[in-house]
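Single-letter residue listing:
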Amino acid sequence: MRIGHGYDVHRLVPGRKLILGGVDIPYERGLLGHSDADVLTHAVMDALLGAAGKEDIGHLFPDKDPKYAGADSIGLLKEVAALLHKEFWVEYIDCTLLAQAPKLAPYREQMQENISAALGLKANRVNIKATTEEGLGFTGTGEGIAAHAVVLLKEVEPRHKYRSGEDSY
Ligand code: MG
């Protein structure tokens with residue numbers, strides 16, 4: 001087994017969409033970034049890459065590269081999945097979003113479905129929770145949203161190296 005942790009932050013600003021876990025969430029502000037700024041999906045990618053011992057998303061998808069301007073982060077997550085699938089199976093992913101507002105519970109299931117589908121997993125292998133920070137710090141004042149993700153990867157046994165990365169349990 002390999003464990004990985006990912007962490008990301010984006011600033012909340014007017015005039016941008018709020019995309020979390022691939023869900024377009026109605027809100028008066030959205031996250032600022034070169035891509036769609038999906039802070040949750042970015043944390044998941046970094047956790048996966050960390051567990052795999054690979055370089056982070058800043059190296060894989062540089063924010064100076066015009067190719068990634070406005071990029072759909074769920075699409076980038078599929079690229080990360082393709083990078084790992086011969087070497088690792090995803091055992092489980094657990095995430096925490098830190099946001100004072102909006103309420104994220106109504107979007108939890110759809111976020112779990114989007115992330116698990118991008119990785120070819122059953123939805124019960126991805127868990128997403130959200131918490132406020134009691135008005136404290138930059139998430140508490142609504143300046144930004146942060147996300148943590150931890151993942152467990154299982155190394156693919158050599159005799160299975162050429163099986164597909166689909167969830168085969
Ligand atoms: Mg990011």
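Above this text sits the structure in question.
Described below are features of the structure shown in this document.

Take the sheet that holds strand β6 (residues 126-131) next. The sheet built from 5 strands is open, its strands ordered β4-β1-β7-β5-β6 with mixed pairing. A single partner strand is all that each edge strand has here, and the edge strands are β4 (29-31) and β6. Direction aside, neighbouring strands of the sheet carry axes that sit 20° apart on average. Here strand β5 (residues 88-98) pairs with β6 via 6 bridges, running parallel. If you follow Ile93 over to β6, its bridge partner there is Val126. Against the sheet, helix α4 (residues 108-118) contacts β5 and β6, and its axis sits at roughly 140° relative to β6.

Glancing now at the packing of aromatic side chains. Going through the model one piece at a time under the given rule, you end up with 1 aromatic pair. Where Phe61 meets Tyr68, the ring centres are 5.3 Å apart and the plane angle is 70°; that geometry is what we call edge-to-face. Exposure remark for Tyr68: the relative accessible area of 9% places this residue in the buried category.

Bringing helix α3 (residues 73-84) into the picture now. With 12 residues, α3 should cover 16 Å at 1.5 Å per step; its first-to-last C-alpha distance of 17 Å lies within 8% of that length. Among the residues of α3, Ser73, Ile74, Leu76, Leu77, Val80, Ala81 and Leu84 are the ones counted as buried. Down the axis of α3, the buried set is contained in an arc of 150°. They therefore lie on one face. For α3, the secondary structure elements touched by its buried residues are α1 (39-51), α2 (57-60), β5, α4 and β7 (144-155). N-cap assignment for α3: the residue whose side-chain oxygen lies 3.1 Å from the backbone N of Ile74 is Asp72.

Think of two packed helices as two axes; the pair is described by the angle between the axes and how far apart they sit. For the pair α3 and α4, the least separation of the axes is 8 Å and the interaxial angle reads 35°. Contact residues: α3 offers Ile74, Leu77, Lys78 and Ala81, while α4 offers Asn114, Ile115 and Ala118. Tallied by class, residues from the contact of α3 with α4 come to 5 nonpolar, 1 polar and 1 charged.

Turning our attention to the nonpolar core. Ranked by size, the top nonpolar core spans 46 residues in total, and within it Leu20, Leu48, Leu77, Ile93, Leu97, Ile115 and Leu153 carry the most contacts. Elements represented by at least two residues in this core include exactly β2 (18-20), β3 (23-25), α1, α3, β5, α4, β6 and β7. The biggest single contributor to this core is α1, with 9 residues. Beyond its immediate chain neighbours, meaning those up to four positions away, Ile115 contacts Gly21, Leu40, Thr41, Val44, Ile74, Leu77, Val126 and Ile128.

In this section: the coordination of the magnesium ion. Coordination of the magnesium ion by the protein is provided by Asp8 (OD), His10 (NE2) and His42 (ND1), with metal-donor distances spanning 2.0 to 2.3 Å. Site description for the magnesium ion: donor spacing in sequence, D-x1-H-x31-H. Of the two residues, His10 sits in strand β1 (residues 2-14) while His42 sits in helix α1, which places them 32 residues apart along the sequence. Overall, His42 belongs to the buried group, its relative accessible area being 7%.

Cut-offs and rules
- Residues numbered from 1 in each chain as written.
- Predicted model: local features only at pLDDT ≥ 70, side-chain atom pairs only at ≥ 80, totals over all residues.
- Heavy atoms only, no water.
- Pairing = 2+ DSSP bridges.
- Helix = DSSP H or I, 4+ residues; strand = E, 2+ residues; numbered from the N terminus.
- Axes fitted to C-alpha atoms, helices over the stretch in contact; angles between N-to-C directions.
- Contact = heavy atoms within 4.5 Å.
- Phe/Tyr/Trp six-rings, centres within 6.5 Å; stacked < 30°, edge-to-face > 60°.
- Buried < 20%, exposed > 50% of the residue type's maximum accessible area, 1.4 Å probe, protein only.
- Expected span 1.5 Å × (residues − 1).
- Arc of directions from axis to C-beta.
- Polar contact = N/O pair within 3.5 Å; in protein donor to acceptor, adjacent residues only side chain to side chain.
- Nonpolar A, V, L, I, M, F, W, Y, C, P; charged D, E, K, R; others polar.
- Core = buried A, V, L, I, M, F, W, Y, C linked by side-chain atoms within 4.5 Å.
- Donors = N, O, S within 2.8 Å, 3.2 Å for Na, K, Ca; no water.

Shape is all these values report; function is a separate question.
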